[in-house]
Amino acid sequence: MSDPELKIPEGWEERAVKDWEWATLWEAVEEGDHGYAHERVKEAIDVGIDPRVILDDGLFPGFNVQGERFSEQIIFIPEMLITARAMKAGLALIRPLLAANDEKPLGTFIMGTVLGDMHDIGQSIVTIMLENAGFEVINLGTDVHPDRFIEAAAEHNADMIGFSALLSTTVYYQKVTIDEFVKAGHRDKVHILIGGAPTTQEWADECGADGWGGDAMLAVNLARKLITEKRAAWA
Amino acid sequence: MADTIQLQIIDETGASSTLTAIRGETILEAAHRSGVEIIATCGMRGRCRSCRCRIVQGVVPPATVSDTVQLGHEEIRERFRLACQTKLLDDTVIKPMPPKSESGHQLLAGHVETSALDIYSGVEKVHIEAKAPVSEHHQTSDIEEIFMTLGVSLKSNEVPLQLLQDLPIKLREKKGDLTVTMFRGKIVDIEVGDTTEQIYGMAIDIGTTSIVGSLLNLKTGEELSSVGMLNPQSPFGADLMSRIAYAQFKPKNLAQLRGKILSGLNQLVGQAVEKADVSAANIYKVVLVGNTCMHHILLGIDVSYLGLAPYAPAVRDGQTIAASELPLKSVPRAHICTLPILAGFVGADALACVLATRIYESDTVRGLVDIGTNGEMVLGSKDHLIACSAPAGPAFEGAQIRHGMRGAVGAIERVHIGEDVICKTIGDDPAVGICGSGLIEACARMSDANVLNKMGSIKATPGLPKEIFNRIRKSDHGQEFVLVWSNDGGKSEDIALTQGDVRQLQLAKAAIFSGVMMLMKEMNVKPSEMDELLLCGGFGNYVDIESAVRIRLLPEMDVNRITYAGNAALMGAQMATLSDAEIDRADELVGKIEHVALAARPDFQEIFIDGMNFDTPSVREITGVEEATAL
Ligand code: B12
Ligand code: FES
């Protein structure tokens, strides 16, 4: 296992303007300097760099490398959150521009902790990370009844749903909720991911989920992968 | 029954037992069904290594993901598997091989200062000279004669039938020379001769992990013996949630857990009376304290909903039950008293701690904290008391720590880092693992030595002494720090602390830290204004206080004001055994202590995340954690 390194996006020079450099923004996101991240993104917008390019070339490298380090436990929750905050500071400026360019969110994700369980922290971190990665996330909070999940999925025409559970007594409700999606005839319309400390890939298979995320970054990568496959299948 | 197979289990002594298993069930399921105990610390979730076994003969089932994660490729090649994950395919011979010795677990007994107590236990023995009825004219009976001699107005249907059955013989055996035992005004025993000196009670603290008890003389307050054992429910899950999950919606499993604890208690009583050389029939009062889950299981109350939000207990009030009703066979003449429960996860044990530490009569704000898998804390003074539960998880018991183990022989318990690392183990044996107190001290010293940064990352920074630098290495489990080399103080392998272990500790200590901080916030006191913080419970008493403050497991306060309170839960139970007034006090207190539900507090998350770091206030300015979590 080696310390993940920042991946410099190939050919970024061609996509930026003359004499531009991203290195300081990569570092700002990596180190969680949200003030600087905000400044730098603003400059990039002002010189006319495409918002999509700012996101991909300017913000994601620092975010992704920290995400990988988080997965490998080299950094921990507080540091991941600081990076997320810096990322968010930049994203806040670009998001309206992306929307104006008719860029849709990557996908719509419904997130919540299952019935009987009040643990919030894990799923709220997953939410922040998914939002940063470009998903629209509707967070239903904790102790969520299966019916609420199904309603929200229908209402928002969700692509993906995530169930979090932290208790030995409530992981069982991940299965119950999935079964309810089947009964309601809504199972095929969504991808279902599960997570939370006591869960495992094997439990995900057993309870009929489409995937398991051991930590917030793996959740993001999995969501990215599934949505890309889904879009490809549609095209 | 075509689909059964034979499973042969060889224990460490070499003895083997063969049982019939169903093809496709796990080794552990088969073993437990037949009463062979294999420890399942994580509750059969494939998340620990306690159920490790070796396939000695037969088809070696393919390794599951959990096997690979927990055991590593090498052990898998050597036919090690997790019993809870491995499905039986055909006739198999296995040998359970839990990685570390679970024996010799440190138990802690409490000692109560009896002089401060008003000793009236509710049990009284009266020596009488009763007369048998003499004339047929008198409309009387044996028992009415006894009532009359005692001078009490009772009805015969208030006397246990059992006592009436052999009364005629007893009354006449020594011409009415009898000792009558009363509990709270009711007759509970009648013996021939003068037995007024044989008047005993027992206090028992049923912990999720261990059970401790003490046998007391109800007249003098003297402790006659103290005993302890591991909770016999342990094979069904180390933490209480795993036990709830086991019993949830499965009455049979609940009954099984209940059976385990009842027979465990009978065994404990047996040990206690044997040590003190007294008769268990002279135990008249037993006070039991424990967390809500242990309490419910003991009484056979369904725990299904205790494990689901809003985690409500079925009853909160203290109960008094005749032992024969429970049934607790070892103490046929006793009554069992339970102390009241505060909330789903703040049990009678917490209340017993309040009794023992008397913080309810303090002028200044004091606090008590039980550091454990399911941490409980109470804070306040004579004006106001508040409580909460902060679930640290099993890291302090060594679970989910790569080389973690309980406080048994060979566990690293002290760590010193200078030019090199010096570790002390329990019993000064070769190191086989690290226990909770060692883990805390290791992290404190690693922080001091700059091996751990503020955020808990293991970093090989330049300028470290060479011996220290060499101990930092990369492994399959990420970065790790070697505490003991196998050829220098170790037993069979290097004992290292991995990055993942530090992360587990960070979550655990943040839970305790943030629980205490929330209560202080609620009370509006700063750590510096706290008069005293008492560490209760088995684990708290082994923790090095300075290290605990260093890593921010405990709030930043003067270490001289943090004190060990011993096993306060048992002490509280002892007090309630010796003095019925303490039981009344507990009933009164339970209505006064306010329970703070942390999950309902929006500010909890911020404090919790801040509490993961190892360094003090400035860290927040550096990291801006406050703002980050307010995203
Ligand atoms: C913080 C905490 C709490 C807080 C929760 C605060 C909040 N607002 O969330 C409080 C104090 C309220 C709490 C309460 C309880 N808790 Co609690 N709690 C914890 C603790 C310390 C950390 C959990 C946590 O936040 N981890 C950090 C997050 C970031 O990790 P995570 O949730 O696993 O999430 C990551 C991944 O799993 C993944 N992920 C998470 N969700 C999802 C979802 C999807 C879709 C995907 C893909 C990925 C994913 O991404 C995340 C980020 O990487 C653990 C113990 C421990 N050391 O782990 C106990 C623990 C989970 N709690 C436990 C218990 C029992 C309880 C209580 C029921 C009882 C009690 N003792 O108080 C109560 C319930 C009361 C209630 N009202 O909820 C037990 C569960 C035991 C078991 N075997 O089931 C634990 C393990 C502690 C113990 N005693 O052993 N708890
Ligand atoms: S891994 Fe089997 S019981 Fe923990």
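This brings us to the coordination of the cobalt atom of ligand 1. Of all protein atoms, just one serves as a donor to the cobalt atom of ligand 1, and that atom is His119(A) (NE2), at 2.2 Å. Position of His119(A) relative to the elements: it lies in the loop between strand S1 (108-113) and helix H6 (121-132).

Residues and elements named next belong to chain B. Within the secondary structure, Glu441 sits in helix H10 (residues 436-448). A distance of 3.2 Å separates the side chain of Glu441 from the backbone nitrogen of Val415, its partner in a polar contact. Leaving out residues up to four positions away in the same chain, Glu441 has contacts with Glu413, Arg414, Val415, Asp544 and Ser547.

Another aspect to go through is the packing of helix H4 (residues 51-71) of chain A against helix H10 (residues 216-234) of chain A. All names here are of chain A. Look at H4 against H10: their axes get within 8 Å of each other, and the N-to-C directions meet at 120 degrees. As judged from the angle between their axes, H4 and H10 are oblique. Residues Phe60, Phe63, Asn64, Gly67, Glu68, Phe70 and Ser71 of H4 pack against Ala216, Met217, Leu218 and Arg224 of H10. A class-by-class count of the residues in the contact of H4 with H10 yields six nonpolar, three polar and two charged.

Turning next to the domain arrangement of chain B. The domains assigned to chain B are domain 1 (4-96), domain 2 (123-192), domain 3 (200-338), domain 4 (357-394 + 507-623) and domain 5 (395-504). For domain 1 of chain B versus domain 4 of chain B, the distance between C-alpha centres works out to 40 Å.

Residue and element names in this part refer to chain B. For H10, which comprises 13 residues, the first-to-last C-alpha distance of 19 Å matches the rise-based estimate of 18 Å (1.5 Å per residue) to within 8%. By the criterion of burial, H10 is predominantly enclosed, with 12 of the 13 residues buried. Looking at H10, one finds that the buried residues are Gly436, Ser437, Gly438, Leu439, Ile440, Glu441, Ala442, Cys443, Ala444, Arg445, Met446 and Ser447. The positive-phi residue at the C-terminal boundary of H10 is Asn450, with phi of around 70 degrees.

On the surface, a nonpolar cluster with roughly 350 Å² of combined accessible area is contributed by Tyr172(A), Phe249(B) and Tyr305(B). On the secondary structure map, Phe249(B) appears in the loop between helix H6 (240-247) and helix H7 (251-276). Relative accessible area serves as the criterion here: at 40%, Phe249(B) is assigned to the partly exposed category.

Residues and elements named next belong to chain B. Relative to the assigned elements, Leu28 resides in helix H1 (residues 27-33). Look at Leu28 and you get buried, because its relative accessible area is 0%. Considering only alpha carbons, one finds Leu28 and Thr338, 310 residues apart in sequence, at a separation of 34 Å. If near-sequence neighbours (up to four positions away) are discounted, Leu28 is found in contact with Ile38, Ala40, Met44, Cys51, Ala83 and Cys84.

In this section: the interface of chain A and chain B. Contacts between the two partners involve 34 residues from chain A, matched on the other side by 40 residues from chain B. Regarding the contact of chain A and chain B, the summed buried area is about 3,000 Å², with carbon and sulfur atoms giving 64% of it. Across the chain A-chain B interface, the total number found is zero salt bridges. Our count for the contact surface shared by chain A and chain B stands at eight residue pairs in polar contact (both at pLDDT 80 or more). Put simply, the parts of the chain that give the side of chain A that touches chain B at least two residues each are helix H5 (77-100) and H6 of chain A. The biggest single contributor to the side of chain A that touches chain B is H5(A), with eight residues.

Moving on: the side chain of Ser168(A). Within the secondary structure, Ser168(A) is located in the loop between strand S3 (160-164) and helix H8 (171-183). Classification of Ser168(A) by relative accessible area gives buried; the value is 16%. Setting aside its immediate chain neighbours within four residues, Ser168(A) contacts Arg45(B), Met241(B), Ser242(B) and Ala245(B).

The next thing to look at is the domain arrangement of chain A. Residue and element names in this part refer to chain A. Domain boundaries in chain A define domain 1 (12-100) and domain 2 (108-226). Listed by partner, the interface residues are 15 residues for domain 1 and 11 residues for domain 2. In total, domain 1 and domain 2 occlude about 1,100 Å² of area from one another, counting both sides; carbon and sulfur atoms represent 66% of this. In terms of surface lost to domain 2, no three residues of domain 1 exceed Phe63, Phe70 and Ser71, which account for 34% of the buried area on that side. Remark: the boundary between domain 1 and domain 2 carries zero salt bridges. On the surface where domain 1 and domain 2 come into contact, there are four residue pairs in polar contact (both at pLDDT 80 or more). The class makeup of the residues in the side of domain 1 that touches domain 2 is nine nonpolar, three polar and three charged.

Okay, the site of ligand 1 next. The environment of ligand 1 is made up of 45 residues, and the closest members are His119(A), Asp120(A), Ser168(A), Asn374(B) and Ser389(B). In this structure, ligand 1 is bordered by residues of chains A and B. At a separation of 2.7 Å, an oxygen atom of ligand 1 approaches a polar side-chain atom of Ser389(B). Going through the elements one at a time, H6, S3, strand S4 (191-195) and H10 of chain A together with H6, helix H12 (499-523) and helix H17 (604-610) of chain B are the ones with two or more residues in the shell around ligand 1. In terms of residue count, the dominant contributor to the shell around ligand 1 is H6(A) (four residues). Classifying every residue of the shell around ligand 1 gives 27 nonpolar, 14 polar and four charged.

Conventions we followed
- Residues numbered from 1 in each chain as written.
- Chains lettered and ligands numbered in written order.
- Predicted model: local features only at pLDDT ≥ 70, side-chain atom pairs only at ≥ 80, totals over all residues.
- Heavy atoms only, no water.
- Donors = N, O, S within 2.8 Å, 3.2 Å for Na, K, Ca; no water.
- Helix = DSSP H or I, 4+ residues; strand = E, 2+ residues; numbered from the N terminus.
- Polar contact = N/O pair within 3.5 Å; in protein donor to acceptor, adjacent residues only side chain to side chain.
- Contact = heavy atoms within 4.5 Å.
- Axes fitted to C-alpha atoms, helices over the stretch in contact; angles between N-to-C directions.
- Parallel < 35°, antiparallel > 145°, perpendicular 65-115°, else oblique.
- Nonpolar A, V, L, I, M, F, W, Y, C, P; charged D, E, K, R; others polar.
- Domains from an automatic or database assignment.
- Expected span 1.5 Å × (residues − 1).
- Buried < 20%, exposed > 50% of the residue type's maximum accessible area, 1.4 Å probe, protein only.
- Patch = residues over 30% accessible without salt bridge, like charges linked within 9 Å, V, L, I, M, F, W, Y side chains within 5 Å.
- Areas by Shrake-Rupley, 256 points an atom, 1.4 Å probe, with all protein chains shown as cover.
- Salt bridge = Lys/Arg side-chain N within 4 Å of Asp/Glu carboxyl O.
- Buried area = accessible area lost by both parts, 1.4 Å probe.
- Near = heavy atom within 4 Å.

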